[in-house]
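Examining the three-dimensional arrangement
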Amino acid sequence: MQTSAALKPDAAPAPAAPQASQPVRRFTTAGLMQDQREVEIEHAGRIYRLRITQLNKLILTA
């Protein structure tokens, strides 16, 4: 006869801890966009467009 502990599903593994020694890089939109309203970003073979809207919001599209 199995105990109730044996019937419980295994717990999900804990997520990996972020690298504390590496600070997150920060960019300003002024530095990234360089006076443009739209830039292209290549990632994993795809081109994405980062655009500043009329309401000064950022939109990233594939």
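This paragraph deals with the overall build of the protein chain. Within the protein chain one finds 2 helices and 3 strands. Secondary structure elements of the protein chain occur, N-terminal to C-terminal, as α-α-β-β-β. Evaluated residue by residue, the protein chain yields a buried proportion of 8% over its 62 residues.

Under the criterion given, the structure shown has 2 salt bridges. For Glu38, the salt bridge identified is with Arg49, shortest N-O distance 2.5 Å. Here the residue Glu38 occupies a position in strand 1 (residues 38–43), and Arg49 occupies one in strand 2 (residues 46–52), the gap between them amounting to 11 residues. Take Glu38: its relative accessible area is 33%, and that puts it in the partly exposed class. The partner of Glu40 in a salt bridge is Arg49, with the nearest N and O atoms 3.2 Å apart. Among the charged side chains, a network of salt bridges with common partners joins Glu38, Glu40 and Arg49.

This next bit is on the pairing of strand 2. The side chains of a regular strand alternate between the sheet's two faces. Here strand 1 runs beside strand 2; their pairing, made up of 6 bridges, is antiparallel. In the sheet register, Val39 faces strand 2, and the bridge partner there is Leu50. Here strand 1 hands over to strand 2 after 2 residues, with Ala44 in that stretch at a positive phi of 55°. As paired strands, strand 2 and strand 3 (residues 58–61) are joined by 4 bridges and run antiparallel to one another. Paired with Arg51 across the two strands is Ile59, which belongs to strand 3. In textbook terms, the turn of a hairpin is the stretch between consecutive antiparallel strands, and for strand 2 and strand 3 this stretch comprises 5 residues, one of which, Asn56, has a positive phi near 65°.

This part covers the confidence of the model for the protein chain. When pLDDT is low, close inspection of the predicted coordinates is not appropriate. Predicted confidence across the protein chain gives a mean pLDDT of 84, with 73% of residues reaching 70 or more. The lowest-confidence element of the protein chain is helix 1 (residues 4–7), averaging 51 in pLDDT; the highest-confidence one is strand 2, averaging 98.

With that settled, consider the sheet that holds strand 1. Read from one edge to the other, the open sheet built from 3 strands follows the order 1-2-3, with strand pairing classed as antiparallel. Of all strands in the sheet, those bounded by a partner on one side alone are strand 1 and strand 3. For this sheet, the mean angle separating the axes of adjacent strands, direction not counted, is 20°.

Thresholds, definitions, all that
- Think of each chain on its own: its residues are numbered from 1, step by step along the sequence as written.
- Local features in this predicted model are restricted to residues whose pLDDT is 70 or higher, and side-chain atom pairs enter the listing and the counts only when it is 80 or higher, whereas totals over whole chains, interfaces and linings include all residues.
- Hydrogens and water are ignored here; the side-chain numbers use all heavy atoms of the structure.
- Each helix is a run of DSSP H or I of at least 4 residues and each strand a run of E of at least 2, with the numbering of both proceeding from the N terminus.
- Summary of the burial criterion: residues with accessible area below 20% of their type's maximum are buried, those above 50% are exposed, and those between are partly exposed, where the area comes from a 1.4 Å probe applied to protein chains only.
- Any Lys or Arg side-chain nitrogen found within 4 Å of a carboxyl oxygen on Asp or Glu counts as a salt bridge.
- A pair of strands is treated as paired once DSSP finds two or more bridges between them.
- In predicted models, pLDDT denotes the confidence assigned by the predictor to each residue on a 0 to 100 scale.
- All axes here are fitted lines through C-alpha atoms, helices being fitted over the stretch that makes contact, and every angle between N-to-C directions spans 0 to 180 degrees.

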